[in-house]
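Coordinate analysis (summary)
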Amino acid sequence: MTQATPVAAEPLRSDPLAPADVPAVRALLVAGLAERWGDYEARFNPDIEALGQAFDGRLTLVARQGALIVATGALRPAGPGRFEIVRMSVAREQRRRGVGAQVLAALVDAARERGARELVLETTLGWQSAIDFYERHGFRRTHVQGEDLWFVRPLAAG
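All residue numbers refer to position in the chain's written sequence, counted from 1. Residues qualify for local features only when their pLDDT is at least 70, as the model is predicted, and side-chain atom pairs are given and counted only at 80 or more; totals for whole chains, interfaces and linings, by contrast, use all residues. Based on all heavy atoms of the structure, the side-chain values leave hydrogens and waters out of the count.

1. Describing the overall build of the protein
The helix and strand tally for the protein stands at four helices and seven strands. Expressed as a percentage of its 158 residues, the buried residues of the protein come to 41%. By definition, residues are in contact when any of their heavy atoms lie within 4.5 Å. In the protein, of all internal contacts separated by at least 6 residues, the share reaching a separation of at least 24 is 57%. Here the open area of atoms and residues is found with the Shrake-Rupley method and a 1.4 Å probe, where only the protein chains shown may cover a residue. Accessible area for the protein stands at about 9,300 Å²; split by element, carbon and sulfur atoms hold 53% of it. A helix here means a DSSP run of H or I that spans at least four residues, while a strand means a run of E at least two residues long, and both kinds are numbered starting from the N terminus. When a residue's accessible area, from a 1.4 Å probe over protein chains only, is under 20% of the maximum for its type it is buried; when over 50% it is exposed; and in between it is partly exposed.

What follows is the structure, given as structure tokens:
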């Protein structure tokens, strides 16, 4: 029996959020939250509702495979030398393929370029796959606040 040669996936590309991307990125974020929580409530997510507007010094990256948006993540200032990673989301059909790791690496690089000495982020205590993902990528737990688990990752001086 002959085995088919795997077709190489199109390379992933991360670009800053463009106005034309806003509807697709919002849909990706909403789908991820609805999948996790059973629904999406706009009142709890004002940053998603204001996506694409200039605010808080945020850099939102959009990962594409060809023309398709497959993931997103954002970086925002959180104090001198500190940035926070927020709104990481990967399309369901793209998970476990390294897409999230590539977006995270691009955010880490962007933070370093902006002079970050450390990154912080939070995720929900019960979201074990997210916790495992961040720990695999060098983040360590710092504290629990309500239902959220916070992490830090020091960045070596470059």
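Having seen the structure, we can now continue with the description.
2. Quick notes on helix H3 (residues 99–113)
Over its 15 residues, H3 runs 21 Å from end to end, which matches the ideal 21 Å to within 8%, given 1.5 Å per residue. The set of residues buried in H3 consists of Val99, Gly100, Val103, Leu104, Leu107, Val108, Ala110 and Ala111. With its phi angle positive at about 85 degrees, Gly115 sits one or two positions after the end of H3. What a helix is expected to span follows from its residue count: subtract one and scale by 1.5 Å.

3. Some points on the packing of aromatic side chains
We call Phe, Tyr and Trp rings a pair once their centres come within 6.5 Å, taking the six-membered ring for Trp, and we label the pair stacked below 30 degrees between planes, edge-to-face above 60, and tilted otherwise. For the coordinates displayed, the defined rule picks out three aromatic pairs. Relative to Phe139, the ring of Tyr134 lies with its centre 5.9 Å away and its plane at 75 degrees, an arrangement referred to as edge-to-face. Overall, the relative accessible area of 9% leaves Tyr134 in the buried class. Judged by relative accessible area, which is 3%, Phe139 ranks as buried. Of the aromatic side chains, those joined through ring pairs into one cluster are Phe133, Tyr134, Phe139 and Phe151. Positioned above the aromatic ring of Trp37, the side-chain terminus of Arg36 is 5.4 Å from the ring centre. Two conditions define a charge located above a ring, namely a distance within 6 Å from the ring centre to NZ of Lys or CZ of Arg, and an angle within 35 degrees of the ring normal.

4. Topic: helix H4 (residues 128–136)
Buried residues of H4: Ala130, Ile131, Phe133 and Tyr134, and no others. Around the axis of H4, the buried residues are gathered within 160 degrees of arc, so they sit on the same side. Directly beyond the C-terminal end of H4, a positive phi value near 90 degrees is found at Gly138. The arc under discussion is defined with respect to the helix axis, by the directions toward the C-beta atoms.

5. Digging into the sheet that holds strand E6 (residues 140–145)
Any two strands with at least two DSSP-identified bridges between them are counted as paired. Spatially, E1-E2-E3-E4-E5-E7-E6 is the arrangement adopted by the seven strands of the open sheet, whose pairing is mixed. Looking along the sheet, the strands with just one partner apiece sit at the ends: strand E1 (12–16) and E6. Each strand axis lies, on average, 25 degrees off the axis of its neighbour in the sheet, ignoring direction. Bridge count between strand E4 (residues 82–90) and strand E5 (residues 118–124): three bridges; the pairing is parallel. Within E5, the position partnered with Glu84 by the bridge is Val120. Throughout, an axis means a line fitted to C-alpha atoms (over the contacting stretch in the case of helices), and angles, computed between N-to-C directions, take values from 0 to 180 degrees. Across the sheet, helix H1 (residues 22–37) touches strand E2 (59–65), strand E3 (68–77), E4 and E5, and the angle it forms with E3 is around 85 degrees.

6. Thoughts on the nonpolar core
One recurring pattern in soluble globular proteins: nonpolar side chains tend to sit buried together. Among buried residues, the Ala, Val, Leu, Ile, Met, Phe, Trp, Tyr and Cys ones that are joined through side-chain atoms within 4.5 Å form a nonpolar core. Counting residues in each nonpolar core, the largest one holds 28 residues, and the members touching the most others are Leu75, Ile85, Leu119, Tyr134, Phe139 and Phe151. Broken down by secondary-structure element, the contributors of at least two residues to this core are E2, E3, E4, H3, E5, H4 and strand E7 (148–154). Looking at which element gives the most residues to this core, the answer is H3, with seven residues. For Ile85, the residues in contact, after removing those within four places along its chain, are Ala74, Leu75, Leu104, Leu107, Leu119, Val120, Leu121 and Phe139.

7. Here we look at the pairing of E3
Counting buried positions along E3 gives seven out of ten residues, so the element sits mostly inside the fold. With seven bridges connecting them, E2 and E3 associate as antiparallel partners. In the sheet register, Leu59 faces E3, and the bridge partner there is Leu75. Between E2 and the antiparallel strand that follows it, E3, lie two residues; Gly66 among them carries a positive phi value of about 65 degrees.

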